[in-house]
Amino acid sequence: MHLKRVSFLLLSSVVLFLTVLSAVSVDEAGTFTIHLPFVNGVQTPTATATATATTVSTFTPTPTATSTSASIPTATPTSTATPTHTATSIPAQATLDVYFLDVDQGDSTLLVGPDFTILIDAGRRDRTDVVPSLEQIGITSIDLLVGTHPHADHIGQFPEVLARYPVTEVWMSGDEHTSLTFERAIDAILASQAAYREPRANEVYQIGSATVQVLNPLTLTGDFHEGSISLRIVFGDVAFLFTGDAEAVTEQAMIDRGYQLSAQVLQLGHHGSRTSSSAAFLDAVQPQLAIWSAGLNNSFGHPHADVLERLAAKNIVVCGTATYGTIVVGTDGQSYTVKTQACAEQQQPAPTATVVPAATATPTATPPTSQCVNINTASFEDLQRIVHMGPERATQLISLRPFRSIDDMTRISGIGSSRLQDIKDQGLACV
Ligand SMILES: [Zn+2]
Ligand SMILES: [Zn+2]
């Protein structure tokens, strides 16, 4: 196993070295043209680089002969792209659907565009749900498969995906795990026809009509989460941000690198753990919609209440796969739509001037059942008629649905037995 891994890495290094050695051409204007097997992208200088600011590398897509991918990107290389640009040109009436697949306590996110298919992570090793989900969606090939980091809840089903689909290119962080899951993933990559790359911060790739900005890692530290591949994927004017299991220190590093991080849709880092989605990062990203991927009643307590409170304080709508199953967000490059109805129903602006303090909203008499506030279906505003339910807890309650009983409300941060008794005494909440 060890030899195999070493030889794999050696092979990768040789391939990368030969690629760089043999395929770079520099014209008189200083423009680098790098011919790579498939992914065409644009590299830009780092913020601190002293090279001329116009240095641009143009990757020319040259599909491998063995690839059967039906959606080879054919985009014109971008000549002016920088890590801060936001808009990409996309085909007329083209749409992108982003599927945050329900893979229990793990990650797998599929982007299906008009001329690209990207899969970021492939679920858990102890499950077999990714390929069936892709089949149901109608996927026939994958242009880019990303393993954000070598944990078994992210690269778990790499072997199944690589065996089932032609994959043009695989990206891994470069961190190595000693686990059998990692070995199997590496074996599957080796056995496939996919090209292999370890992307680094500052690189920008044009994959069909999607612009993929690599935000992390800049270098590896040996900490798998610090090494999580983080991508900002821009389609027209709409941006999605994926950070794997990157935590606050890495989020801060991305901020410090001076990147444009703004994105309408953010996948919460590390399954909604409190160690990620720092207030500073949320300020930098300014998402309108946050999605977390985690299992129902998972042992980690993901998503953590602290994160939900941070989101609620910024009026960011949040939906999770444990609550709604696979969540689909579609975009035409100008605006986005949440196609998963129950999640979409959360897309109402939080009230500002209309919040009624819970104490004064308490009715004096127990209302008839028909007028009770069903905690599984009530609107954000109606929920706040329940005692102890402010905007933050209401947001959290919505993200934790469904509730089996009123007693189940103790899952909400700050609702203990005495506040639960107040809620029961009020008699407004029902299921
Ligand atoms: Zn992890
Ligand atoms: Zn994870």
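Just so we're clear, the structure is a prediction, and the values are computed from it rather than from any experiment.

## A short note on the overall build of the chain
Then comes step 1: Looking only at helices and strands, the chain has 13 helices and 21 strands in total.
Then comes step 2: The burial tally for the chain puts 46% of its 431 residues in the buried class.
Then comes step 3: Long-range pairs, those at least 24 residues apart, make up 68% of the contacts in the chain with a sequence separation of at least 6.

## A short note on the pairing of strand 14 (residues 238–242)
Within a regular beta strand, the side chains point alternately toward one face of the sheet and then the other, so they alternate between its two faces.
Then comes step 1: Among the 5 residues of strand 14, 5 are classified as buried, and the element is accordingly described as predominantly covered.
Then comes step 2: The side-chain alternation of strand 14 yields two buried faces, one formed by Val238, Phe240 and Phe242 and the other by Ala239 and Leu241.
Then comes step 3: Looking at chain direction, strand 13 (residues 230–235) and strand 14 are connected through 5 bridges and run antiparallel. Looking at the pairing, isoleucine 233 lines up with phenylalanine 240 of strand 14.
Then comes step 4: Once strand 13 ends, the chain turns through 2 residues before running back antiparallel as strand 14, passing glycine 236 with a positive phi of about 65°.
Then comes step 5: Across 2 bridges, strand 14 lies against strand 15 (residues 265–267) in parallel orientation. Along strand 15, the bridge assignment pairs phenylalanine 240 with valine 265.
Then comes step 6: Handedness of the strand 14-helix 5 (residues 248–256)-strand 15 crossover: right-handed.

## Re the sheet that holds strand 8 (residues 142–147)
Then comes step 1: Strand order across the open sheet formed by 8 strands is 10-9-8-7-6-5-18-19, with mixed pairing between neighbours. Both outer strands of the open sheet, strand 10 (195–197) and strand 19 (336–338), are each paired with one neighbouring strand and no more. Strand-to-strand twist across the sheet, computed as the mean angle between neighbouring axes with direction ignored, equals 15°.
Then comes step 2: Across 4 bridges, the pairing between strand 6 (residues 109–112) and strand 7 (residues 117–120) is antiparallel.

## Quick notes on the pairing of strand 5 (residues 96–100)
Then comes step 1: With 4 of 5 residues buried, strand 5 is to be regarded as a mostly interior element.
Then comes step 2: Sheet topology places strand 5 next to strand 18 (residues 327–331); 5 bridges connect them, and they run antiparallel. Residue pairing in the sheet places valine 98 in a bridge with valine 329 of strand 18.
Then comes step 3: One ladder, built from 4 bridges, connects strand 5 with strand 6; its direction is antiparallel. Paired with aspartate 97 across the bridge in strand 6 is valine 112.

## A short note on the environment of histidine 271
Then comes step 1: Locating histidine 271 in the fold gives a position in the loop between strand 15 and helix 6 (279–285).
Then comes step 2: Judged by local crowding, histidine 271 falls into the buried class, with 26 C-beta atoms found within 10 Å.
Then comes step 3: The sequence separation of histidine 271 and histidine 304 amounts to 33 residues, and the corresponding C-alpha distance is 8.9 Å.
Then comes step 4: If near-sequence neighbours (up to four positions away) are discounted, histidine 271 is found in contact with Gln105, Trp292, Ser293, Ala294, His302 and Pro303.

## Looking at the nonpolar core
Then comes step 1: Counting residues in each nonpolar core, the largest one holds 86 residues, and the members touching the most others are Ile233, Ala290 and Ile291.
Then comes step 2: Sequence-distant contacts of isoleucine 291, defined by excluding residues within four places in its chain, comprise Phe100, Val265, Gln267, Leu268, Cys319 and Ile327.
Then comes step 3: Residues Ala378, Phe380, Leu383 and Ala394 belong to the second largest nonpolar core, which totals 15 residues.

## Quick word on helix 7 (residues 305–313)
Then comes step 1: Within helix 7 the residues assigned to the buried category are Ala305, Val307, Leu308, Arg310, Leu311 and Ala312.
Then comes step 2: Those residues of helix 7 hidden inside the fold are in contact with helix 6, strand 16 (289–292), strand 17 (317–320) and helix 12 (391–400).
Then comes step 3: At the C-terminal side of helix 7, asparagine 315 shows a positive phi close to 55°.

## Regarding the packing of helix 7 against helix 12
Then comes step 1: Running from amino to carboxyl end, helix 7 crosses helix 12 at an angle of 120°, the nearest separation of the two axes being 9 Å. Considering their axes alone, helix 7 and helix 12 lie oblique with respect to each other. For the crossing formed where helix 7 meets helix 12, the hand is right-handed. For the pair formed by helix 7 and helix 12, the contact residues are Ala305, Leu308, Glu309, Leu311, Ala312 and Ala313 on the first element and Pro391, Glu392, Thr395, Gln396 and Ser399 on the second.
Then comes step 2: Among the residues making up the contact of helix 7 with helix 12, the classes are represented as 6 nonpolar, 3 polar and 2 charged.

What counts, and at which threshold
- Residues numbered from 1 in each chain as written.
- Chains lettered and ligands numbered in written order.
- Predicted model: local features only at pLDDT ≥ 70, side-chain atom pairs only at ≥ 80, totals over all residues.
- Helix = DSSP H or I, 4+ residues; strand = E, 2+ residues; numbered from the N terminus.
- Buried ≥ 20, exposed ≤ 12 C-beta atoms within 10 Å, placed from the backbone.
- Contact = placed C-beta atoms within 7 Å.
- Pairing = 2+ DSSP bridges.
- Right-handed = clockwise from strand over helix to strand, strands pointing away.
- Axes fitted to C-alpha atoms, helices over the stretch in contact; angles between N-to-C directions.
- Core = buried A, V, L, I, M, F, W, Y, C linked by C-beta atoms within 7 Å.
- Parallel < 35°, antiparallel > 145°, perpendicular 65-115°, else oblique.
- Left-handed = near helix turned anticlockwise from the far one by under 90°.
- Nonpolar A, V, L, I, M, F, W, Y, C, P; charged D, E, K, R; others polar.

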